[in-house]
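Listed here are the chains, written in short residue letters.
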Amino acid sequence: MSSEIDAIRQAVLDGVRGEDLAALPVPDAARGALVRASEQEMFDGLPSEEKDPRKSVHVEEFPIPELAPDEALVAVMASSINFNTVWTSIFEPLPTFAFLKRLGRESVWGARHDQPFHVMGSDAAGVILRTGSAIRMWQPGDEVTIHCNYVDDQDPSAHDDSMLASNQRIWGFESNYGGLAELTVVKANQLMPKPRQLTWEEAAVNALTNSTSYRMIVSPNGAQMTQDQVVLVWGASGGIGAYACQYVLNGGGIPVGVVSNPQRAAVLHEMGVEHVIDRKAEGYRFWGDDGHQDQSEWRRFGKKIRELVGRDPDIVFEHPGRQTMGASVFVCKRGGMVITCAATSGYTIEYDNRYLWMNLKTIKGSHFANYREAYAANQLVAEGRIQPTLSKTFTLDETGEAAYEVHHNRHEGKLGVLCLAPEPGLGVSDPQRREELLPKITLFRRHQD
Ligand code: NAP
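Residues numbered from 1 in each chain as written. Predicted model: local features only at pLDDT ≥ 70, side-chain atom pairs only at ≥ 80, totals over all residues. Heavy atoms only, no water.

### Points about the overall build of the protein chain
A tally of regular secondary structure across the protein chain gives 18 helices and 18 strands. Its C-alpha atoms give the protein chain a radius of gyration of 21 Å, near enough to 22 Å, the size a compact globule of 449 residues would have. Each principal axis of the C-alpha distribution contributes one length, and for the protein chain these read about 65 × 50 × 45 Å. Partitioning the intrachain contacts of the protein chain with sequence separation of at least 6 by distance along the chain shows that 74% fall at a separation of at least 24. Put simply, the protein chain shows about 18300 Å² of open surface, and 49% of that area lies on carbon and sulfur atoms. Separation between the mean location of the 44 positive side-chain charges and that of the 59 negative ones in the protein chain comes to 6 Å. (Helix = DSSP H or I, 4+ residues; strand = E, 2+ residues; numbered from the N terminus. Rg over C-alpha atoms; globule rule 2.2 N^0.38 Å. Contact = heavy atoms within 4.5 Å. Areas by Shrake-Rupley, 256 points an atom, 1.4 Å probe, with all protein chains shown as cover. Lys, Arg positive; Asp, Glu negative; His and termini not counted. Charge placed at Lys NZ, Arg CZ, Asp CG, Glu CD.)

### Remarks on the site of the ligand
Among the 26 residues in the neighbourhood of the ligand, the closest are listed as Ser 260, Arg 279, Thr 344, Phe 368 and His 411. Cys 341 has a polar backbone atom sitting 2.9 Å from a nitrogen atom of the ligand. In the environment of the ligand, an oxygen atom lies 2.7 Å from a nitrogen or oxygen atom belonging to the backbone of Phe 368. Its free accessible area being 910 Å², the ligand has 89% of it covered by the protein chains. Elements with a contribution of two residues or more to the shell around the ligand: α4 (83–90) and α8 (207–217). If you tally residues by element for the shell around the ligand, the top one is α8, at 3 residues. (Near = heavy atom within 4 Å. Polar contact = N/O pair within 3.5 Å; in protein donor to acceptor, adjacent residues only side chain to side chain.)

### Describing the sheet that holds strand β1 (residues 29–36)
Strand order across the open sheet formed by 3 strands is β2-β1-β4, with antiparallel pairing between neighbours. Bordering the open sheet on either side are β2 (58–63) and β4 (117–119), each of which pairs with just one other strand. Put simply, the sheet's adjacent strands are angled 65° from each other on average, direction ignored. (Pairing = 2+ DSSP bridges. Axes fitted to C-alpha atoms, helices over the stretch in contact; angles between N-to-C directions.)

### Observations concerning the domain arrangement of the protein chain
Domain annotation for the protein chain reports domain 1 (3–209 + 369–448) and domain 2 (223–365). The partner domain 2 presents 19 residues to the 23 residues of domain 1 that form the contact. For the pair domain 1 and domain 2, the two sides together bury roughly 1700 Å², of which 57% comes from carbon and sulfur. Connecting domain 1 to domain 2 are 2 salt bridges. One salt bridge connects Glu 270 with Arg 446, and the closest N-O pair in it is separated by 2.9 Å. If you look at where domain 1 meets domain 2, you find 11 residue pairs in polar contact (both at pLDDT 80 or more). Elements supplying a minimum of two residues to the side of domain 1 that touches domain 2: α4, α15 (371–382) and α18 (443–446). Of the residues contributing to the side of domain 1 that touches domain 2, the split by class is 10 nonpolar, 8 polar and 5 charged. (Domains from an automatic or database assignment. Buried area = accessible area lost by both parts, 1.4 Å probe. Salt bridge = Lys/Arg side-chain N within 4 Å of Asp/Glu carboxyl O. Nonpolar A, V, L, I, M, F, W, Y, C, P; charged D, E, K, R; others polar.)

### Considerations on the packing of α8 against α15
Where α8 contacts α15, the two axes come as close as 9 Å, and the packing angle between them is 110°. Classed by the angle they form, the pair α8 and α15 counts as roughly perpendicular. Between α8 and α15 lies a crossing of right-handed hand. Of the residues in α15, those in contact with Asn 210, Ser 211, Tyr 214 and Arg 215 of α8 are Arg 372, Glu 373, Ala 374, Ala 376, Ala 377, Asn 378, Leu 380 and Val 381. Residues that form the contact of α8 with α15 fall into these classes: 6 nonpolar, 3 polar and 3 charged. (Parallel < 35°, antiparallel > 145°, perpendicular 65-115°, else oblique. Left-handed = near helix turned anticlockwise from the far one by under 90°.)

### Notes on the confidence of the model for the protein chain
Summary statistics for the protein chain give a mean pLDDT of 97 and a share of 100% for residues scoring 70 or more. Per-residue pLDDT, averaged within each element of the protein chain, yields its smallest value for helix α2 (residues 18–23) (94) and its largest for strand β14 (residues 315–318) (99). (pLDDT = per-residue confidence, 0-100.)

### Some remarks on helix α12 (residues 295–309)
Between its terminal C-alpha atoms α12 stretches 21 Å, which fits the 21 Å expected from 15 residues at 1.5 Å a residue. Residues of α12 that are buried include every one of Glu 297, Trp 298, Phe 301, Gly 302, Ile 305 and Val 309, and no others. In a view along the axis of α12, the buried residues occupy a sector of 140°, so they form one face of it. Seen from the open side of α12, the exposed residues pointing more than 90 degrees away from its buried face are Lys 303 and Glu 307. For α12, the secondary structure elements touched by its buried residues are β11 (230–233), β12 (254–259), β13 (275–278), α13 (325–331) and α14 (353–357). Within two residues after α12, Gly 310 carries a phi angle of roughly 85°, on the positive side. (Expected span 1.5 Å × (residues − 1). Buried < 20%, exposed > 50% of the residue type's maximum accessible area, 1.4 Å probe, protein only. Arc of directions from axis to C-beta.)

### Some remarks on the side chain of Thr 145
One can find Thr 145 in strand β6 (residues 143–146). At 3.1 Å, the side chain of Thr 145 and the side chain of Asn 378 are in polar contact. Not counting chain neighbours up to four residues away, the residues in contact with Thr 145 comprise Ala 124, Ala 125, Gln 190, Leu 191, Met 192, Pro 193, Lys 194, Pro 195, Ala 203 and Asn 378.

### Topic: the sheet that holds strand β15 (residues 337–340)
Read from one edge to the other, the open sheet built from 6 strands follows the order β13-β12-β11-β14-β15-β16, with strand pairing classed as parallel. Strands with a single pairing partner mark the edges of an open sheet, and in this sheet they are β13 and β16 (362–365). Neighbour-to-neighbour, the strand axes of the sheet open up by a mean angle of 20°, direction not taken into account. Relative to β13, β12 runs parallel, the two being bridged by 4 bridges. In the strand pairing of β13, Val 259 is matched with Asp 278. Taken strand by strand, α8 contacts β11, β14 and β15, and its axis lies near 155° from that of β14. Sitting on the sheet, helix α9 (residues 241–250) is in contact with β11, β12 and β14, with an inclination near 170° to β11.

### Points about helix α17 (residues 431–441)
For α17, the complete set of buried residues consists of Arg 434, Leu 437 and Ile 441. All buried residues of α17 project into a common sector of 95° when viewed along the axis, lining one side. Of the exposed residues in α17, those oriented more than 90 degrees away from the buried face are Gln 432, Glu 435 and Glu 436. Looking at the buried residues of α17, the elements they touch are α7 (200–204) and α18.

If you want it as structure tokens, here you go:
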């Protein structure tokens, strides 16, 4: 760590005022978790499971770019691993350097992102160090969390639902200078207030997955769940699933969570999810060895859901993709909705269309969240009505190891990464509220071995 970075870190830990933070020199370089363009072919020919983020992720210095007028430079206290960290680090479905090149062609400011390295990370909690000349609502010293919707607000197509903007990107995945670093550069419209009752690492894990689940379950842009609806949630103790379950419970719906082991079921039960299906224990095999789907297995799965809740799901929260989509379309209620934001197990999807059209079901695509949705989701965390799902915390140097755990489905909830925070547990500015919420805030950590 450079002496300038050390001084910034110490100033944040000491709680120095914004104007004093703004007076500290900013270094030319900082350390970050990055992949190298020169290594983007290193896993060619290997099956996905053998592509190892511990080999491709390097924690090293990168140059800090000049700040655009609408950007802020943020001292990152903590960040998190998302599945897109895994995609970047295993160069699947394609190396993210193609995204950086495209951004680089767009404008002078975009050109800064086209580098032979890609600093990853689409979540962060930290403190603003510098603001560009066009920033009005934020200042140095503000404690923030950062969401990853990266849009150009001078683009007219960004002014209804900004997720529909023609140049919408995910920061730290389709842009450079992401959150898994000591310093990050973000647009002003990515900033949100840090929830005061949370530590840095608890505050850092929410924005990407919480906002995604908010849009899918709550927003009019998603399924807009109403009270008493049954929602089937795949991967219900995972990154997006555990927030989806919280939204269903908060909104008076009935979640049916699917997981793959009893520990995960126990976390969900304590969260208040009564109906949990252990897919491994039930032994569902939706795909047969002959490469075709087995509709009797879809039926067995649907029967299990009916046994538990007495009816079919109004909404299916879908993201595993190829392995589950056939079953999701089948079990969804007549007139119901399968809402999907991903395809972790494969993106070429097969389902029986007869069950879709004859029963008037809808498949709806969803992707992250616009600023309003992300801000609302962050506000619910700040009010203690949605809880972080942090299960384990790593150091920045351990980013590759943490991504490896997520790649191999060995984690629950979210994995935090300490960037400038020297240890877990720091950054709380409302200890009384924290005390009131503590069992809920620590739910996922208490269930670790
Ligand atoms: P995660 O933390 O790894 O959780 C995924 C969960 O899915 C796991 O906990 C696992 O639960 C379950 N799962 C994995 N493979 C499965 C399979 N073959 N069949 C059934 N369930 C399976 O990941 P995440 O953060 O929740 O992200 C999930 C996916 O959504 C990723 O592909 C990610 O890239 C994507 N995503 C998209 C957006 C967006 O904006 N479009 C945002 C966030 C995430 P069990 O093993 O316990 O069943």
